Structure formats: C-alpha cells, structure tokens
Amino acid sequence: MTTADATADTSGSLGDAVRDWWTNVRSGQLGSLPIVIGLIIIAIVFQSQNDRFLTASNFVNLIVQSAAFATIAMGIVFVLLLGEIDLSVGYVSGVAGVIAAVLLIPDGNEVSTPIAVALALGSGIAIGTFHGLIITKIGIPSFVVTLAGLIAWNGVVLLLIGSRGTVVLQNDFLIGLANDFLPESTSWLLWALAVLIFAGVQLNEVRVRRKADLGHDPLTLIALQVGFLALALGAVVYVANEDRGIPYLFLLVGFFFLLWTFVLGRTRFGRYVYAVGGNTEAARRAGINVDRIKIAVFAICSFMAAVGGLVLASRLRSVDTNAGGGSILLYSIAAAVIGGTSLFGGVGHIKSAILGALVIASIDNGLGLLGLGSGEKFLITGGVLLLAVTVDSLSRKAQAQSGRA
Amino acid sequence: MTDTPLLELRGVSKHFGAVIALHEVDFKVYPGCVSALVGDNGAGKSTLIKCVAGIYRTDGGEVIYDGKPVNIHGPREASDLGIEVVYQDLALADNLDVVQNMFLGREELEALRTLDEVTMEARARDTLQSLSVTTIRSVRQTVAGLSGGQRQSVAVAKAVMWNSRLVILDEPTAALGVAQTRQVLDLVKRLAEQGLGVVIVSHNLHDIFEVADNITVLRLGQNVAEFKRTEVTQEQVVHAITAGKLTKVPGIVDTEEVTA
C-alpha cells in the first residue's frame, strides 16, 4: 500500500509511479524497503549456513513461531502510533492464557470453550481500559503505568496458576488454534478469494475516483500489484501445502491484519489515532476526545496481547508459572519497531507488526537451526533492533534534509 | 463595505485575577473587509481573539454577531456561528496529509461509517483552487513536506471550508520569508473579496498596510486608536501603539471589578 499512497494523486503512467516511489525513497521515505531487503539477507545467510532453513517444513514453523509476536506487536503498533508504550503486554498475554487454561481444566467445574475464550479476551480489554484510564485521567506516563502492570500482572499469573505449577491444555479448540492446518483445497479457495477481493477493491477505488474526477493509480500498476499478491500468496500456499498446510494461525493473523488496517485507514477512529500521535494539541483543537482515543488504544493493545496469549498457550499446549515471561514482551515491541513503526508517534502501519515478527522469528529460528543458544539469539536480535532504529533515524535525517520533516 | 458590522465588540472586558487584559474594548469587523488588530506585546490582541473564539469568557461588555448579541461558549459554538481562528502555530498534524488535516475532526463519512476519502479530497482540492492556492503539488502530500507559506495556506483553507463568515488570522506572516508572505497576503485579500470578514493580528505594519481596510490599535488592553488605512501613515500607527492615550491608568484596579 505504500506505493498506492505515494502515487494516489497521479493518474499518469507506470513510469511516473515508479519515479514518484524512487523520489520518496531518496528523500528518506523508505516504507517497507529496508525490512524486505533485511528478510532476503537473513534468508540468504541462514540458508548458506544450514540448508534446512528454506524448507517447506521450516517455512510452516516460521509462520507458527511468528504468529504470537505478530499478534501482540499489532497492539504495540497502536500504542506506538500514539507515541506511548505498553510494557505489560507480555504478562497480560500470560494472564489471558492462564485464565483460558484454568477455566477449561476438565475437573467438573469447567466452562464452555466460547465462554472461556471470551473471558480471557475480555480480561485483556478490561486490563487495557484500566491502564488507559490511569494514564489519561490521572496523567501518569504510560511507561510507568505499564511497568507497574508488568510486575502486577506477573503476580496475577502466579496467583492464578497457584500450586498447580503447570496446566496442560486438554481443550480441542485451544490446542487446535496453533496446531491445526487448513485442508489444501480450502487454502486455495481462500487464496482465490483474497486475490479477487483485492482486485475488486482496487478497481472500485479507481472507478469512484474517476467519477469524482480525481487522479488514480495507473491500471498497469494495479495489475502488477494484483499479480504480485497472487504470486506471493500463491507461493506461500503452495510451499505450506508441500508440508502440513496453511496453519490456522496464518488466517488469525491475516484476519487481524485486515481488521486493524481497515480501522486505521478507513475509520474516524483510526484517523484520530494518527492525529493524536502526530500532534495532540491539533487533535484536541479539532474537537477530538484525546483521552477516549488513548483509552481505546490501550484496550486494543491489551486485547491483542490476550489473543497472543491464547496463541502462545496453544503452541506450548500448556501454561505454567512462566506464562507471558521471557522474551515475549521484548520481541513484540522489537517486532513493531523493526517493522518500521516510529517510536515518536504518528507513523506506522499494522503490516510492520507482521514484517517485524517475521524478522524476529527468522533470526530466532535460524540461529536455533545453527545450534546457537539464547545468548547468541538475544545478542543478534538486539543488534538487528538497533540497526532498524538506526535506519529509521537516518531516514528521518534524510527527510529533514530534503525538507520533508 | 456595508454599514452593519458582521462582528461588533462593545466595551468588552476581561481580567485574569488582578490583571486587566482587556478594558472596555470596542472592535468592529465588516464583511468583505480586512480589519487589522495591532499593538505591542501584552496589548491584549490574543486575549481579544480568544474571547471571540469562545476560548475565554468575557467579564463584561457585549459581543454582537450578525446584529444579534451572542455568548460564545467554546470553539464549537464559534464554529457553528461561522467563526474560525487560524492560530499562529497552525495546529496541523505533520504526519497527516493536506486532505486529512483540512477535515480533521469533521470527516465526511460514507453510508457504512467509513471515511469518504473521495468526497473529502475533491472538496479540499476545490477549496484550495477557489483560494487560488496553486503551489501545493498534491493534496495527498503530508503537511511535513510543505513550506511555511503552504502550511499557512492549508490552515486558512481549512478554516474557510466550513461556510465560515469570519476568519481570524493570528500573526499569519510571522515566520515566513518574503515570497511566502506575499502568498499569504494575497490569500487574505481573496478571503475579503469573497465577502468574508477577516481579522488579521500582526506586528508587521508593512503587511497590515498592504491588506487591511481598518486598523484598530490596542495598548495595555485598551482601545487607543481606530484608523482607516487610506487616511493614516505608519508613523501615526506606531505612535498610537507605543504612546496612545489611555483612558484608564493601568495597575490601578477597582476592587469592584476584581470581585465581579
């Protein structure tokens, strides 16, 4: 969509579109370019070290391993867009995972699956709303509130687990979430549907803009975009079907990607999130209820953490006292930032959560294949995060020099 | 110029604690005219426009808009009356594009409550065209990439898009270079030509003499002079700003007024 945004006002030829894009890149608006290049480099490096990296089986593993980070990072993108931070997402995901697991223990008191899932996700919304209320109404910086949350929700995880130590999941739905795969025919059907819908939406946009006498993307560019989507998504479906198939998690991440991209791009709420992140005072003067936007964003962030918590619980098929701990928080924030969401607010897309999560999961997975331990993983992931932020800072400088910031 | 003012302030006062910001100020704005408000720092210019914009409540006097006395509570009510203020800091979000900024807080929606980008883009484009703002290459460009004059143009266009009848510009040329000041002053003239009442607050007498029809001088919160541009020299205005005769000696506060 970056190319679409950048060229929205030119109905010229494909050449114009490419030139516009290149002008943007040179003036520092890099979009997803650095991260796509990064992913290619990562793939080449790991494949040259261990030829199991680029196999169908490892490809499916990568999708499953990146899903939880991508899900949680989508919520982080929202808070980063406001220029805020949420340090509690790790243990909030743990709380949700533990609630679902404990409620579903088949001890005669278990609740039905939908109720358990709803309560787990609802706890996320409640926690986020609570954070948001304290941040806006009392005026404590989000860094401190969610740091307190990080500690407190860790406590809640320990209390909920109690003396059980580990709760093994026995619920089919929850286990299937991260461990089941789409039948091959269904995955191809969804592929065709996705490509058709994308083409339809793009063409409808051109029709409406033509009617209003506004410039639009050249049709050749749209054809290329549709073709690229068909090929890329087709490759994913094909390779995954060589192994176990498309994981359900792929659909889950795809669903939230479409939902939040729609919310950020096409609704008033989304527009106000960008406005508050870009210039809070301007937003306030425009009559936007800044507090309400912030509270809603923290609620969304914790909700997505709760979804991620269910995914993590499902992947491990159990929850224990360590639920939500470890590298979850740091990897999720790193994913959003590596994907290109600015820490300074107002700039970023939901897709950066997915791209960033793919980078993080690839490094984690690749180093694991090379037999390296956590020490090397953290060292290298930290380096990549620093590199991503450096690219962001340098591109800002380039923008300032070309008069765009 | 018509005889009935669009906006008339009669004896408007405003104090903050013991500080008298405005003391019985009169001010008139006519449709199709540019009224300048000048004065040194602390003369009460900003307080006056904030009273008109509904940000401050007046402590005394009358505000008459369109022949009817009004009480403006809040910026929303001011907008509803057709009063728009372009503040010096412009209040634009750098990360949003021109269209998004112009419609911020008042987005057009489609049937399904999604943003109607096409209608907004077309209206933004038409508004900019009607003001002959031609230097903006694309209305889908982010505001961060615009020059100071272009940003001022966007802020003004944003203000006049809503059938506004009175536009107040606070120091519109303060941060601009020569060419960009020209752009903005031309824009101010076009607003008046379109029949709007325009108030321009400025320190720059050169700019004021270029666009204003009437000049009101404030000093220490009081009216000290009222000029027609064609009948006055810059020296006379400067004299009024620095040494205009005050009706009330500042610093001496009636106890009545403070407690009122």
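All values reported here derive from a predicted model rather than from experimental measurement.

Draft legend 1. Main features of the overall build of chain B. Scanning chain B from terminus to terminus reveals 9 helices and 10 strands. Scaling as 2.2 N^0.38, a compact globule of 260 residues should have a C-alpha radius of gyration of about 18 Å, and chain B matches this with 19 Å. Taken over the C-alpha atoms alone, chain B extends approximately 60 × 40 × 35 Å along its principal axes.

Draft legend 2. Structural context of the overall build of chain A. Secondary structure summary: chain A contains 17 helices and 2 strands in total. Relative to its length of 405 residues, chain A is compact, with a C-alpha radius of gyration of 22 Å against a globular reference of 22 Å. In chain A, which comprises 405 residues, the proportion classed as buried is 43%. Intrachain contacts of chain A at a sequence separation of at least 6 include 78% that bridge at least 24 residues.

Draft legend 3. Representation of the pairing of strand 6 (residues 83–86) of chain B. All names here are of chain B. In strand 6, alternate side chains face the same way, and those of Ile83 and Val85 on one face and Glu84 and Val86 on the other are all buried. As defined by bridge partners, strand 6 adjoins strand 7 (residues 166–170) across 4 bridges and the pair is classed as parallel. The residue of strand 7 that forms the bridge with Glu84 is Val167.

Draft legend 4. Fine view of the sheet that holds strand 8 (residues 197–201) of chain B. Residues and elements named next belong to chain B. Ordered by their spatial adjacency, 6 strands build an open sheet running 6-7-8-3-9-10, and the pairing between neighbours is mixed. Whereas interior strands pair on both sides, the edge strands pair on one side only; in this sheet they are strand 6 and strand 10 (222–228). On average, each strand axis in the sheet is tilted by 20° relative to the strand beside it, whichever way the strands run. The strands touched by helix 1 (residues 45–52) are strand 3 (34–38), strand 6, strand 7, strand 8 and strand 9 (214–219); relative to strand 7, the strand with the most contacts, the crossing angle is about 150°.

Draft legend 5. Representation of unusual backbone geometry. Residue and element names in this part refer to chain B. Phi is positive for Asp66, which is not a glycine, with a value near 60°. Accessibility expressed as a C-beta count within 10 Å gives 16 for Asp66, which makes it partly exposed. Phi is positive for Arg113, close to 65°, though the residue is something other than glycine. Note that Arg113 resides in the loop between helix 3 (98–102) and helix 4 (117–130).

Draft legend 6. Expanded view of the interface of chain A and chain B. Tallying the contact residues gives 26 residues for chain A and 22 residues for chain B. Ranked by residues supplied to the side of chain A that touches chain B, first place goes to helix 12 (residues 268–278) of chain A with 5 residues. Here the side of chain A that touches chain B is built from residues that sort into 12 nonpolar, 6 polar and 8 charged.

Draft legend 7. Layout of the sheet that holds strand 5 (residues 68–69) of chain B. Residue and element names in this part refer to chain B. Strands sit in the order 2-1-4-5 across an open sheet of 4 strands; the sheet is antiparallel. At either margin of the open sheet sits one strand with a lone partner, and together these are strand 2 (19–29) and strand 5. Relative to strand 5, strand 4 (residues 60–65) is paired through 2 bridges, and the arrangement is antiparallel. Across the sheet, the residue bridging to Ile64 is Pro69, located in strand 5. Strands in contact with helix 1 are strand 1 (7–16) and strand 2; relative to strand 2, the strand with the most contacts, it is inclined by about 65°.

Draft legend 8. Summary view of the pairing of strand 9 of chain B. Residue and element names in this part refer to chain B. In terms of residue burial, strand 9 counts as a mostly covered element, since 5 of its 6 residues are buried. Summarising the sheet, strand 3 and strand 9 pair through 4 bridges and their orientation is parallel. By the bridge assignment, Ser35 is partnered in strand 9 with Asn214. Both strand 9 and strand 10 contribute to a ladder of 6 bridges, which runs antiparallel. What sits directly across from Arg219, in strand 10, is Gln222.

Draft legend 9. Summary view of the packing of helix 4 (residues 56–81) of chain A against helix 15 (residues 328–338) of chain A. All names here are of chain A. At a minimum axis distance of 8 Å, the contact between helix 4 and helix 15 shows a crossing angle of 60°. Classed by the angle they form, the pair helix 4 and helix 15 counts as oblique. The interaxial crossing formed by helix 4 with helix 15 has right-handed handedness. Facing Phe69, Ala70, Ile72, Ala73, Ile76, Val77 and Leu80 of helix 4, the residues of helix 15 in contact are Ile328, Tyr331, Ser332, Ile333, Ala335 and Ala336. Along the lines of polarity and charge, the residues of the contact of helix 4 with helix 15 split into 12 nonpolar, 1 polar and no charged.

Draft legend 10. Spotlight on the domain arrangement of chain A. All names here are of chain A. Split into domains, chain A comes out as domain 1 (1–20 + 182–246) and domain 2 (52–180 + 267–401). Averaged C-alpha coordinates put domain 1 and domain 2 at centres separated by 28 Å. Each side of the interface is counted separately: domain 1 has 5 residues, and domain 2 has 4 residues. Partitioning the side of domain 1 that touches domain 2 into residue classes produces 2 nonpolar, no polar and 3 charged.

Draft legend 11. Up close: the environment of Gly90 of chain A. Residue and element names in this part refer to chain A. Tracing the sequence through the fold places Gly90 in helix 5 (residues 89–103). A tally of 29 C-beta atoms within 10 Å means that Gly90 is categorised as buried. C-alpha of Gly90 to C-alpha of Gly149: the two residues are 59 residues apart in sequence and 9.9 Å apart in space. Contacts of Gly90, omitting those with residues within four sequence positions, involve Leu150, Gly324, Gly325, Ile328 and Leu329.

Draft legend 12. Spatial organisation of the environment of Val319 of chain A. Residue placement: Val319 of chain A occurs in strand 2 (residues 318–320). Val319 of chain A sits 220 residues away from Ile99 of chain A along the chain, and the two C-alpha atoms are 9.7 Å apart.

Draft legend 13. Structural context of helix 8 (residues 172–179) of chain A. All names here are of chain A. The complete set of buried residues in helix 8 reads Leu174, Leu177 and Ala178. Looking down the long axis of helix 8, one finds its buried residues gathered within 70° of arc, a one-sided arrangement. Turned more than 90 degrees away from the buried face of helix 8 sit Asp172 and Gly176, all of them exposed. In this structure, the buried side of helix 8 is in contact with helix 4, helix 5, helix 11 (248–266) and helix 14 (290–316).

Draft legend 14. Seen up close, the packing of helix 3 (residues 33–49) of chain A against helix 16 (residues 351–369) of chain A. Residues and elements named next belong to chain A. With their axes 10 Å apart at the nearest point, helix 3 and helix 16 run at an angle of 10° to one another. In terms of their interaxial angle, helix 3 and helix 16 are classed as roughly parallel. Crossing angle aside, the handedness with which helix 3 passes helix 16 is left-handed. Residues Ile35, Gly38, Leu39, Ile42 and Phe46 of helix 3 lie in contact with helix 16, whose contacting residues are Leu355, Leu358, Val359, Ser362, Ile363, Gly366 and Leu369. For the contact of helix 3 with helix 16, a count of residues per class yields 9 nonpolar, 3 polar and no charged.

About the criteria used
- Residues numbered from 1 in each chain as written.
- Chains lettered and ligands numbered in written order.
- Predicted model: local features only at pLDDT ≥ 70, side-chain atom pairs only at ≥ 80, totals over all residues.
- Helix = DSSP H or I, 4+ residues; strand = E, 2+ residues; numbered from the N terminus.
- Rg over C-alpha atoms; globule rule 2.2 N^0.38 Å.
- Buried ≥ 20, exposed ≤ 12 C-beta atoms within 10 Å, placed from the backbone.
- Contact = placed C-beta atoms within 7 Å.
- Pairing = 2+ DSSP bridges.
- Axes fitted to C-alpha atoms, helices over the stretch in contact; angles between N-to-C directions.
- Nonpolar A, V, L, I, M, F, W, Y, C, P; charged D, E, K, R; others polar.
- Parallel < 35°, antiparallel > 145°, perpendicular 65-115°, else oblique.
- Left-handed = near helix turned anticlockwise from the far one by under 90°.
- Domains from an automatic or database assignment.
- Arc of directions from axis to C-beta.

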